[in-house]
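# A structural walkthrough
Here's the letter readout for the chains.
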Amino acid sequence: MKMNQCAHGMIYLAVLVAFAACDAPPVPLDDIVIEKTFVPEQCGRAVKVGDYVRYHYNGMFPDGKKFDSSYDRGSTYNVFVGKKQLIEGMDRALVGMCVNERRLVTIPPQLAYGKEGYGDVIPSDAILVFDVLLLDVWNPDDGVQSETYHSPENCSRKVEVSDYVRYHYNGTLLDGTLFDSSHTRLRTYDTYVGIGWLIAGMDQGLLGMCVGERRIITMPPSLGYGSNGDGSDIPGQASLVFDVVLLDLHNPKDGVSIINQDIPQPCLRKSVSGDFIRYHYNGSLMDGTFFDSSYSRNRTYDTYVGKGSLIGGMDEGLIGVCIGERRRIIIPPHLGYGEEGTGTKIPGSAVLVFDIHIIDFHNPSDPVVITTTYKPEVCETLAKKGDFVKYHYNASLMDGSFIDSTYNYGKTYNIVLGANQVVPGMEEGLKEMCVGERRHLVIPPHLGYGEKGVDGEVPASAVLVFDIEMMEMEAGLPDGYMFIWNEDVSADLFTEMDADKDLRVLASEFSDYILRQVNEGKGRLAPGFDADRIIENMFSNQDRNGDGKITEEEFKLKADETPHDEL
């Protein structure tokens, strides 16, 4: 099309009409003229004949005088394109537009209101100029469109009808206008899928999602809020766009899921209901959000299993584990913290994921487990109560954590069996050993250091493991005796003790006499005890009136009276 020119001519609103500044008559328009004043970077979809559109516009004459505006009415113009619901020029001008595109459209009279005009608003043979902004486009044949833009590495399960999901979303109109967001409320949207609790488009759009997946769900108004909108932020006939991230997924029929990650071999025993168990754990939500860890407290979680001391899912998930096993336990909310959650850390209806490491477990009825790892060919003299034994040991927890070792000190551990000088489990483990024998002991806490443990060394309620080797043994005295005679007792024992013959035996005389008998092999003191303390007790038992000396009337042999640690 040719255009008249002059030195200072101008084009008004790109209508290609030369004005009187050049004293030239306007050139009639044969067709619509379109100027794209703004084109979005991305155009996912362009208007086609038969589409339904929502747009804003200002309607003007070529001189700039406004005759109509959707902005002034506060509502978009909504209409099907290409179905003669618009003037022909606008029907054609909207085709090919993208959402958020802006066009300046000039329409000649023959494609607008022609010679008849439109009442008092538009005169005959008027050229019309429309400044159009497209906000929405959809087609009656449209369904839900889902576009995944982030997929998690692992997807063991996808959303199905009747599942319960927790997700975050941003909801916008097709032009990007935000109308709602779960993020701003700092709370997920939690609901069942596929049973009518959601608008139809969302019910469909969530199906097949994995936890951690991010997806754009676009739906026409027929699957959203329809012709009426929501009465607030969503206008009628609006397409909806939801940017969704799925955080959680379960079904009310779900049970506990157990994923075995590492099972030690051999596994001599598996936990059963009633056992007391010590384990470490990391607790997280399905999307990986951390909520708790025993490691951060540097202390195991210690409890009975199968007795209701734990949430139902953990009570179930800890049955059948081996010591040293690592497993993942996935717990649906009805076996976890339910619809209420715990407040700040665990939201309502949350699936829980526990990565656990079993440190040890025992049962209150467990005995000491004794395994002989080496026995010498000659093994006749066996340790018994009262014997003084010397042994080496390596001590650890069930997970192998080191506790102590006599080898580090270069000397044996020496005790009198039956004198309560070690924990009951060790007493039992040393019985009937011979010199040179080696044993592996597993001692439950009630026969070890109990519920309190040893501060800084042995954790509370810990099962102990000892590898022991008997190095030396000295036979003890008969039960109840701290001194015995190897020979017949002298008939004049009191006189022999009374060195100064003053008819009384002082403590020094008593001690000198007993030590002399021991040195000469005529008598024996109980091994493993302090000799001076034994002799002091023996003297005290003979000193009936406590005056610091023994008279002949006070002096008696052990065989002549009820048992005492004396002669």
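Residues numbered from 1 in each chain as written. Predicted model: local features only at pLDDT ≥ 70, side-chain atom pairs only at ≥ 80, totals over all residues. Heavy atoms only, no water.

### Here we look at the pattern of salt bridges
Think of it this way: side chains of opposite charge can pair up when their charged atoms draw near. If you walk through the whole model with that rule in mind, you get 30 salt bridges. In this structure, the salt-bridge partner of Arg166 is Asp248, at a minimum N-O distance of 2.9 Å. Placement of Arg166 in strand S8 (residues 164-173) and of Asp248 in strand S12 (residues 240-250) is noted, with a sequence separation of 82 residues between them. By relative accessible area, Asp248 is classed as buried at 1%. One salt bridge in this structure joins Arg278 and Asp302, with 3.8 Å as the shortest N-O distance. Linking Arg278 in strand S14 (residues 276-285) with Asp302 in strand S16 (residues 301-304), this pair joins segments that are 24 residues apart in sequence. Judged by its relative accessible area of 2%, Arg278 falls in the buried class. It is possible to trace a salt-bridge network through shared partners that takes in Arg45, Asp51 and Asp142. (Salt bridge = Lys/Arg side-chain N within 4 Å of Asp/Glu carboxyl O. Helix = DSSP H or I, 4+ residues; strand = E, 2+ residues; numbered from the N terminus. Buried < 20%, exposed > 50% of the residue type's maximum accessible area, 1.4 Å probe, protein only.)

### Quick notes on the nonpolar core
Within the largest apolar cluster, 27 residues are counted, with the highest numbers of intra-cluster contacts made by Val53, Tyr55, Met90, Leu94, Ile107, Leu128 and Phe130. Going through the elements one at a time, strand S2 (52-60), helix H2 (88-93), strand S5 (102-107) and strand S6 (128-138) are the ones with two or more residues in this core. The element contributing the most residues to this core is S6, with 5 residues. Residues within four places of Ile107 in sequence aside, it is in contact with Ile32, Ile87, Gly89, Met90, Ala112, Ala126, Ile127, Leu128 and Phe130. Listed in part, the 24 residues of the second largest apolar core include Tyr393, Leu430, Ile443 and Leu447. (Core = buried A, V, L, I, M, F, W, Y, C linked by side-chain atoms within 4.5 Å. Contact = heavy atoms within 4.5 Å.)

### Details of the environment of Leu477
Structurally, Leu477 can be placed in the loop between strand S24 (464-474) and strand S25 (483-485). Using a relative accessible area of 7% as the deciding quantity, one classes Leu477 as buried. For the pair formed by Leu477 and Arg524, sequence separation is 47 residues and the distance between their alpha carbons is 8.2 Å. For Leu477, the contacting residues outside a window of four places in its chain are Gly386, Met482, Phe483, Ile484, Arg524, Leu525, Ala526 and Pro527.

### Details of helix H9 (residues 531-542)
For H9, spanning 12 residues, the distance from its first C-alpha to its last is 17 Å, which sits close to the expected 16 Å at 1.5 Å a residue. Turning to H9, its buried residues number three or more, namely Ile534, Ile535, Met538, Phe539 and Gln542. Each buried residue of H9 sits inside an arc of 135° when the element is viewed along its axis, so together they form one side. Along H9, the residues that are exposed and aim more than 90 degrees away from the buried face are Asp532 and Arg533. The secondary structure elements touched by the buried residues of H9 are S25, strand S26 (504-506), helix H8 (507-519), strand S27 (523-525) and strand S28 (549-551). (Expected span 1.5 Å × (residues − 1). Arc of directions from axis to C-beta.)

### Concerning the packing of aromatic side chains
In this structure the tally under the stated criterion is 30 aromatic pairs. Relative to Phe130, the ring of Tyr57 lies with its centre 5.9 Å away and its plane at 65°, an arrangement referred to as edge-to-face. With Tyr57 in strand S2 and Phe130 in strand S6, this pair connects stretches of sequence that are 73 residues apart. Where Tyr192 meets Trp197, the ring centres are 5.1 Å apart and the plane angle is 85°; that geometry is what we call edge-to-face. Since its relative accessible area comes to 24%, Tyr192 is described here as partly exposed. (Phe/Tyr/Trp six-rings, centres within 6.5 Å; stacked < 30°, edge-to-face > 60°.)

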